[in-house]
Amino acid sequence: MSVSLLFCLVFDCQLSADVLRLKEQSARLSTPHVAHIRQSCDTEAKQMMKAARNDTKDGLKNTKLAMIRKVSFLHRKDFTGEGKDDDGYMDVSVCDIKHPPPQLCPMPEGLSSQQVVRRLILGSIVQSESSYLDSLKRILQEYQRPLLESQNWILSPKKVRQIFYRLQEIHQCHSMFQIALASRVAEWDHSEKIGDLFVASFSKSMVLNVYSDYINNFTNAMVLIKKACMSKPAFLDFLKKKQVSSPDRITLYGLMVKPIQRFPQFILLLQDMLKSTPKSHTDRLPLQLALTELETLAKKLNEQKRLADQEAEIQQLAHSVGDRNLNKLLNSQQRQLIQCELLTEVVHDEKGQILKSKERKIFLLNDTLICANVNLKGPPDISTLVPVGPKYTMKWCTPLLQTQVVEVGQDSLQSKDSVVTVRRRSSTFSTTGKVFLGPPRLYQELEELQHDLAVVEEVSLLVGTLSGTYQNLNTTVSQDWCLALQRLIRLKEEEIQNANKCRLRLSVPGKPDKSGRPVSIMVVFNTPNPLSKISWVNRLHLAKIAQRQENTPGWECAEEDGKTIAPFSCPLLTCKLPVFSSKTHTLKLEAALHSPSQSSLLGFCTASTRLPQGYLWVAGGGGSSNHGHIEIFSLNRASPRLVKSVTLRAPVLCVEYVKELCHSTEERAHTAAKIGNIICVGLQDGSIHVYSSVDTAVQCLLTLVNPDSRPVLCLKHSLSFLFAGLDNGKVAVYHRITGEREWDMDSCRLVSVGSEPVFNLLTVEDAVWASCANQVTVIQGSSPLTQCFEAHSDPGCRVSHMVHSGGGVWMAFTHGSSIHLFHTETLEQLQEVNIFTRTAHLIPGQVCVSSLLICQGLLWVGTSQGIILTFPVPTLEGIPMITGKGMTSLNAHCGPVEFLVSASSTLASDVLRQDSILNSSEEGTNGEGGGGGECDVGGDGERQRTEQTNSPQDSEAPPPRKETPKRLLLQYRLHSTCQLPGKLLTAQSDQGNPRAAPDSLEHSPEDGSIYEVNEDPDVWVRGRHVELGKEGEAKRNKVTSTAIFSGGRGYRRIGQTASADTCSDPSENTLLVWQLPLTLSQ
């Protein structure tokens, strides 16, 4: 069979001469036996033709190569599950008598707390693995085996193998792992080592292959189960009986999803094990390597699962689309699904009330936005056994570049000749003049409050001219009115902001009107939570950036020669900035840093599309004037803008950003005026200037000078020390003044690490690594002891750059194109990578690494030829080993990459809450007034009534009058008016107004009666403080925006002819800015 198959593949899938001859002979015969032979030959021929087309991983080409190399068998890599999967996997049957399951012996006495914890975690690993193997056995024995038996052929064997594809091999892998685990558990009290077992068991390519095949086939398996349940009632009954008879009532889907969840469970267990493992323990490094292997494996499997799900969604949508052009787009190789989610489309009337709502599935492709109706069909009893996929009907499709996100309160983004159409009761509703976006009642109320505030301010001026003295009609009370209305305006603005948090408003192009003017249709979607809204706004923004010329393509993948990858899968080049353009071209870029700063002018969705908020400091020096220069760029706008330029007396060689010290509440109250973020600048004349980073005033707070007055080549800080690397082989260490943000000028001590310049410093936990020549010295800040090791065998290769992540440090050298990875604890070298062999765009010759950076799982490497490469590295507590061949940026500098700097800022966690409460503590307790009442604001713009149970004033307040309109009482404890002299001015009779006690700080009822300034439902609702730790508190998630800045001479596009768009002046200092998608963490 295999010989004839190879034969037909090599000769363009033509039938062999033997088979043709056999068919001709059988055609001349008519006996039943010969007819049977003829049928068998036809079947065999069809199978060979099908195998020739489908059965190899890369088709006919690789099969021909295998034939030339005289390979005697074909390695099947299809995902159809047909036939017997015998491609190199040994069928292992584990006998419980010969190989008993792992079991820990009783805990011996005298163990330390860490040893006890490690034993408990090991027990969890054993129990978890045993449970996982039991689940795999249940699938194979209770589902696959009965379905394959000839007497129970509910499904064809072919479909059964497709459903349970690769489960047998996964079971074999973990059976072998359990045997090794039992051996390791038996000797645990003697060795206490398990990390190397995970490395040996799960670093094999076989594990990745079988899990990849299973995950890629998982969606197809669920589709087959769904179709079988709908077409074969016997199969549905079979699944129901198995579920009912099982002790845990888990479904087949619940069992089959466990392999997808297995490695994340392993990672969590090993992370706990590593936390309880001392640094001197022999299992420390193996555990870190195990975490590296498992994280790498999990990332690859997650990526393959994402691609498989993306393909399934695209195919499901393509089957539902009748448009031939769109169907062609969906099936093209250029399309990429960026995001899809089930959102709720809402239609408002002119008063802002919701008329109707319906769920839609929104698909964001790399260049198209598609909205589809969702139709969930199928018997309800099937959905309990396996997820039932929806059917889609396309509602509308629009080019991405013609789609705009319109926030609440923004003016129309259309031109004057366009017509904005808002979805209302009718199909189209054209507006003239002002366009209301979302519930317009909120804006009307806000305008009314602003109008009332203006009136009250005028009244306050008139009250100040009164000749008489009245208790509740004086300047103090009028100021209360103004402050109360200002707070109501703040609450209304926050209410509008809350309404905006979960509403995605899109302006999409419609058909032109009768006059030919373009029409834009406003569609409004409710997202499940604020995070979903932020994600959509960010993805829509980045998808448009990905369509720019510099990002199509922007990166080249080294995995396959010359292959470019999808733009959205990698960092996107956002802009190019000239630096020191007004200065002479002889200035050299030296360093840069990001100073985070939250801007209250940016809304949370606007901030999600911008670069990380704050300021970028870019430093340089040299030139004809021999001065230093710093340029500060504001990142709080649509594009970075130069806001400050500073000239220093000497060239700047390095900069360091120092965060504010974290203090307790009591300490912060005493030192609030003194603590803040600062920036240290090292100069060539040996001085260190300390600046405040509060704003762009660039106020020099302190100047430090080292005793030798040697140039400061690098700066790093720890919690209590500032380290400065000098050009004479010494490191200056400054102590921080207790409770201050500054360092003691007289506390400087010099630590000698060699005779050559100290080019680089790196903070690793409580220590600092200092590079001098080809050696690195580890300095403990408070201890005079140091530890030194050799980083390169060649004394001429000086360590030029160091970056730290997890349990490793990557180093680059002044000569050569190799980078080395060292363990932070044992100081041994773990990996060496030659970047010259990872790309085809580096020119042979003097190639060296000129900059290094690790950010969000990528190791950025800048070269002396201006080319930037990135390599994937783990992000957990493991070793940051390079696990892939990496990517090469097609956007490069014309000269060396002088620096790579990351910038990140965190969006406030409050924006992720559905509702926001203004705490009374925000008002402060200064001389102008204290905290006041608060109001709970609903996300839909309707106030919610809350019972006041803690305020003594509530029981004294009169009940609402039936004849009077509903009102909002502005009751604030800003200034008490009860002790003021004068006659009471009140709208009620004297008998019905009990006076408050003279020493009471609360307003009495007559004070509230004069505050009836606005009609609103019910009365004032006193707010509540948000107590941390209470049930129902919103999760404090953190959304992080990240960008990468590279500095160097000029700009060029690799592999393209020079033009104004593909290159710039090679002598001009230029910043290239890359933006990354938002990330979520807790």
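What you are looking at is a predicted structure, and each value in this text was computed from that prediction instead of being measured.

Structural notes on unusual backbone geometry
Most of the time, phi is negative for any residue but glycine, and the peptide bond is trans.
Next up, step 1: Here the amide bond leading from T552 into P553 is cis, since omega sits at -10°, within 30 degrees of zero.
Next up, step 2: Phi angles above zero are rare outside glycine, and F580 is one such case at about 55°.
Next up, step 3: Owing to a relative accessible area of 1%, F580 belongs among the buried residues under this scheme.
Next up, step 4: At S709, a position not held by glycine, the phi torsion is positive, near 55°.
Next up, step 5: Within the element layout of this structure, S709 appears in the loop between β19 (700-705) and β20 (712-717).
Next up, step 6: Overall, S709 belongs to the partly exposed group, its relative accessible area being 40%.

Re the pattern of salt bridges
Next up, step 1: Summed over all chains, the structure comprises 22 salt bridges.
Next up, step 2: With a shortest N-O distance of 3.8 Å, E169 and R166 are connected by a salt bridge. This pair shows no difference in class: E169 is buried, exactly as R166 is.
Next up, step 3: Note that R306 is salt-bridged to E303, the shortest N-O span being 2.6 Å.

Some details on the nonpolar core
Next up, step 1: Within the largest apolar cluster, 61 residues are counted, with the highest numbers of intra-cluster contacts made by F164, I194, F198, I225, M256 and F263.
Next up, step 2: The leading source of residues in this core is helix α10 (residues 205-231), at 12 residues.
Next up, step 3: Listed in part, the 24 residues of the second largest apolar core include I835, V849, I854 and L859.

Structural notes on the sheet that holds strand β26 (residues 775-780)
Next up, step 1: What the four strands build is an open sheet, ordered β24-β25-β26-β27; its pairing is antiparallel. Only two strands of the sheet have a single neighbouring strand rather than two, namely β24 (758-764) and β27 (786-790). This sheet shows a mean twist of 20° between the axes of neighbouring strands, independent of strand direction.
Next up, step 2: The pairing of β24 with strand β25 (residues 767-772) spans six bridges and is classified as antiparallel. Within the sheet, the bridge partner assigned to N760 lies in β25 and is S771.

Cut-offs applied
- Residues numbered from 1 in each chain as written.
- Predicted model: local features only at pLDDT ≥ 70, side-chain atom pairs only at ≥ 80, totals over all residues.
- Heavy atoms only, no water.
- Buried < 20%, exposed > 50% of the residue type's maximum accessible area, 1.4 Å probe, protein only.
- Helix = DSSP H or I, 4+ residues; strand = E, 2+ residues; numbered from the N terminus.
- Salt bridge = Lys/Arg side-chain N within 4 Å of Asp/Glu carboxyl O.
- Core = buried A, V, L, I, M, F, W, Y, C linked by side-chain atoms within 4.5 Å.
- Pairing = 2+ DSSP bridges.
- Axes fitted to C-alpha atoms, helices over the stretch in contact; angles between N-to-C directions.

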